[in-house]
Amino acid sequence: MMTTFKQDGAARRGAGIPATGTAIRAAAGALALAMATAALWPAVGAAETPAQAASAASAAAARAPAVLTTPAILSAKSRAAVMLAAARAGERLVAVGERGIVLLSDDNGASWRQAGTPVQASLAAVQFVDAKTGWAAGHLGVVLRTDDGGQTWRKQLDGLQAADAMARAAATPQAQAEAAQLQADGPDKPFLDLYFADRDTGYILGAYNLLFRTTDGGKTWQPWNAHVNNPKNLHLYGMRAAGGALYLVGEQGSLFRSADNGASFEPLASPYKGSYFGLVAGRGGELVIYGLRGTAYWSGDQGRNWQKVETGLEQSITAGAALADGTLALLSQGGDVLLSRDQGRTFARLPDSPSLPAASLAQAADGALIVAGLRGIKRLAPTTK
């Protein structure tokens, strides 16, 4: 099954993205806004009078799909649900997935229990900056925050609020028309990844150059699209930091770097024209970007030059992770786990890789690898050199 994106009434395919891994996370509608200068952009959550805030909240509630206002259903079957991302929160593992499901494990992935969330929208990405503080983001523009290691969550943003912020920011007739269409479409735009540098500063990103930034831990969100030199509004699939810079990757070989703490993202020469689904960084600032059809490239000079990595895979690579001992790991949509002991220059397949539709990879405190995917979560034995 193929995931098709549409913009301005014309189909634009994500270079043949199959509906697993990043493609599942990417299932959503269109976003293409011509933004004005950043100085004119109000932040989501910016100061309003009590009357204005009450009116906005009432209007948003009236437009909100039920999945944005209905808590996730607690079920024993949740352990077998489609899970799209996983991360460590101290000694705990946290996995997120379809219908707002969040699963927690305190025994390195041997058993899981469900945590409550305030939404039933699918969650596509999760990150923790310490054992307690983390965020999850996903479909319908949802962003959730936890301050207790994933036990409880609160909604900080949704697609309705994001669209309204874009509308308030629009400063030209074209931007206003596009923002009006965005609002008319409803909250169908997904966030596909997130990156937080610390408890305060973070980014959420997704389809059609959708990008927001916060500097107060998600209390307010500022549209950040215009800070990316992405005139085609290509989908953004991943962001990571490496060697003092920030990197963005996306569809059609799009690759961007910020050397000024996110103030601007400029395109890098890309060695590949297909979509990149993510990137992983080595301890010395090395980069591995990965994507369609087993494609991966390595750079040791902040993306100025790239070397092709032979993965031996034909299936797309959907996730990557830096492990505790410095090993870099890649995961294919078919469940193949590849490990690199030389900071990403070469990779070898883990012999006991699972054969299952896979979306995300994390490492437990005991060194075991946790694979999240369409059939729930699988634990692999701890890796050894």
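Notes on the structure in this doc start here. (Residues numbered from 1 in each chain as written. Predicted model: local features only at pLDDT ≥ 70, side-chain atom pairs only at ≥ 80, totals over all residues. Heavy atoms only, no water.)

## Some words on the sheet that holds strand S13 (residues 211–214)
The strands making up a sheet associate through hydrogen bonds between their backbones, and the pairing can be parallel or antiparallel. Strand order in the open sheet formed by four strands is S11-S12-S13-S14, and the pairing between neighbours is antiparallel. Only two strands of the sheet have a single partner each, and these edge strands are strand S11 (191–196) and strand S14 (222–223). Pairing geometry for S11 and strand S12 (residues 202–206), over five bridges, is antiparallel. By the bridge assignment, phenylalanine 196 is partnered in S12 with glycine 202. (Pairing = 2+ DSSP bridges. Helix = DSSP H or I, 4+ residues; strand = E, 2+ residues; numbered from the N terminus.)

## A word on the environment of glycine 238
Structurally, glycine 238 can be placed in strand S15 (residues 236–242). Placed 38 residues apart in sequence, glycine 238 and tyrosine 276 show a C-alpha to C-alpha distance of 8.2 Å. When near neighbours in sequence (up to four residues on either side) are disregarded, glycine 238 contacts Asp193, Leu205, Tyr247, Leu248, Val249 and Leu279. (Contact = heavy atoms within 4.5 Å.)

## Topic: the pairing of strand S24 (residues 328–332)
S24 sits mainly inside the fold: five of its five residues count as buried. Burial of the side chains of S24 extends over both faces: Leu328, Leu330 and Ser332 are buried on one face and Ala329 and Leu331 on the other. Connecting the antiparallel pair strand S23 (residues 317–322) and S24 is a turn made up of five residues, with glycine 326 showing a positive phi of about 95 degrees. Bridge analysis of S24 against strand S25 (residues 337–340) gives four bridges, and the strand direction is antiparallel. Following the sheet pairing, leucine 330 is matched in S25 by leucine 338. Taking the residues that link successive antiparallel strands as the turn, the S24-S25 hairpin has four residues, and the phi of glycine 335 there is positive, at about 100 degrees. (Buried < 20%, exposed > 50% of the residue type's maximum accessible area, 1.4 Å probe, protein only.)

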